[in-house]
Amino acid sequence: MARILLIDDDPDFCDLLSTYLSSQGFEVDTLHGGKEALERLADPDADRPDAVCLDLMMPAPNGLDVLTRLRTSENWIPLLILTANTDETERIVSLEVGADDFVAKTASPRELAARLKALVRRARPDMSERQNDSEKPVRIEELMLVPSERRADLDGTSVSLTSTEFGVLHYLMRHAGTAIRKEDLSVAALGRSLSPYDRALDVHVSHIRKKLSVHPNWQDRIQAVRGVGYQLLVSG
């Protein structure tokens, strides 16, 4: 059973959402403030959630502050943002800071549950019904990914990736040398179809490029293919 930490300053909303998520097989803990959320996630003796569902619009520290501090401390728990704001800028900023995905508060609880299941499944392949070849370690030159440990090593140096970034890079590596449609990459790595003007995938790819560019052989290895999507180049 996956454990979800729901952080929202509206107790009634938390109660309703917790009831639904529990009916979908989640174990849900709730907190109502950013300060207590940071304390809970920093406590080594507290139960570690499999994913965090975080409301952006909370009193200080707000959701973005919490997200920033978590990612600065390299706490890479899978994290989904809840937002009541329809402004795309807020969502893009959240992804830039390190959120794995976002869901509008107007979305149905069913959609939220589906997104959380996809997020946990990507982060915890051992929780799937069975493992397959896609969970085997994959190596391309200096870069190796170990899905069972969600670990990425580049020439012997660990690369810190969010759960979604790991999923995107893993899919591109498994299909190295092939142009992958954005739609296919989004479904495989984000667990959802692209919506119009959805830039989430582009933001994640940009983060991956930046993190890999520290190695001279991995600069510009992920290239955009016009009219298609992205391709991981292979040498030779």
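In what follows, the structure referred to is the one given above.
Residues numbered from 1 in each chain as written. Predicted model: local features only at pLDDT ≥ 70, side-chain atom pairs only at ≥ 80, totals over all residues. Heavy atoms only, no water.

J.: A description of the side chain of Arg40 should follow, citing residues and the corresponding values.
T.: Relative to the assigned elements, Arg40 resides in helix 2 (residues 34-42). Among all residues touching Arg40, those that are not within four sequence positions of it are Arg3, Leu5, Asp29, Leu31, Ala46 and Asp47. (Helix = DSSP H or I, 4+ residues; strand = E, 2+ residues; numbered from the N terminus. Contact = heavy atoms within 4.5 Å.)

J.: Report on the sheet that holds strand 1 (residues 3-7), specifying residues and quantitative values.
T.: Strand order across the open sheet formed by 5 strands is 2-1-3-4-5, with parallel pairing between neighbours. Edge positions in the open sheet fall to strand 2 (27-31) and strand 5 (101-104), since each of these has one partner strand only. Strand-to-strand twist of the sheet, defined as the mean angle between neighbouring strand axes without regard to direction, takes the value 20 degrees. Bridge count between strand 4 (residues 79-83) and strand 5: 4 bridges; the pairing is parallel. Paired with Leu80 across the two strands is Asp101, which belongs to strand 5. (Pairing = 2+ DSSP bridges. Axes fitted to C-alpha atoms, helices over the stretch in contact; angles between N-to-C directions.)

J.: Any chance you could break down the sheet that holds strand 11 (residues 222-225) for me, citing the residues and the numbers?
T.: The strand order 10-12-11 describes an open sheet built from 3 strands, whose pairing is antiparallel. In this open sheet, the two edge strands, each paired with only one partner strand, are strand 10 (180-181) and strand 11. Of the strand pairs in this sheet, strand 11 and strand 12 (residues 229-232) are connected by 4 bridges, and their pairing is antiparallel. Its bridge partner being in strand 12, Val225 is matched across the sheet by Gly229. Contacting strand 10, strand 11 and strand 12, helix 6 (residues 163-174) crosses the sheet at an angle of about 65 degrees to strand 12. Across the sheet, helix 8 (residues 200-212) touches strand 11 and strand 12, and the angle it forms with strand 11 is around 145 degrees.

J.: Lay out the pattern of salt bridges in plain terms, naming residues and giving numbers.
T.: When charged atoms on two side chains of opposite charge get close, those side chains can pair. Counted according to the given criterion, the structure contains 16 salt bridges. For Arg3, the salt bridge goes to Asp47, with nearest N and O atoms at 3.4 Å. With Arg3 in strand 1 and Asp47 in the loop between helix 2 and strand 3 (51-55), this residue pair connects regions lying 44 residues apart in the sequence. Assessed through its relative accessible area of 15%, Arg3 is described here as buried. Residue class for Asp47 comes out partly exposed when judged on its relative accessible area of 47%. Residues Asp202 and Lys182 are paired through a salt bridge, measuring 2.9 Å at the closest nitrogen-oxygen approach. With Asp202 in helix 8 and Lys182 in helix 7 (residues 182-190), this pair connects stretches of sequence that are 20 residues apart. For Asp202, a relative accessible area of 21% translates into the label partly exposed. (Salt bridge = Lys/Arg side-chain N within 4 Å of Asp/Glu carboxyl O. Buried < 20%, exposed > 50% of the residue type's maximum accessible area, 1.4 Å probe, protein only.)

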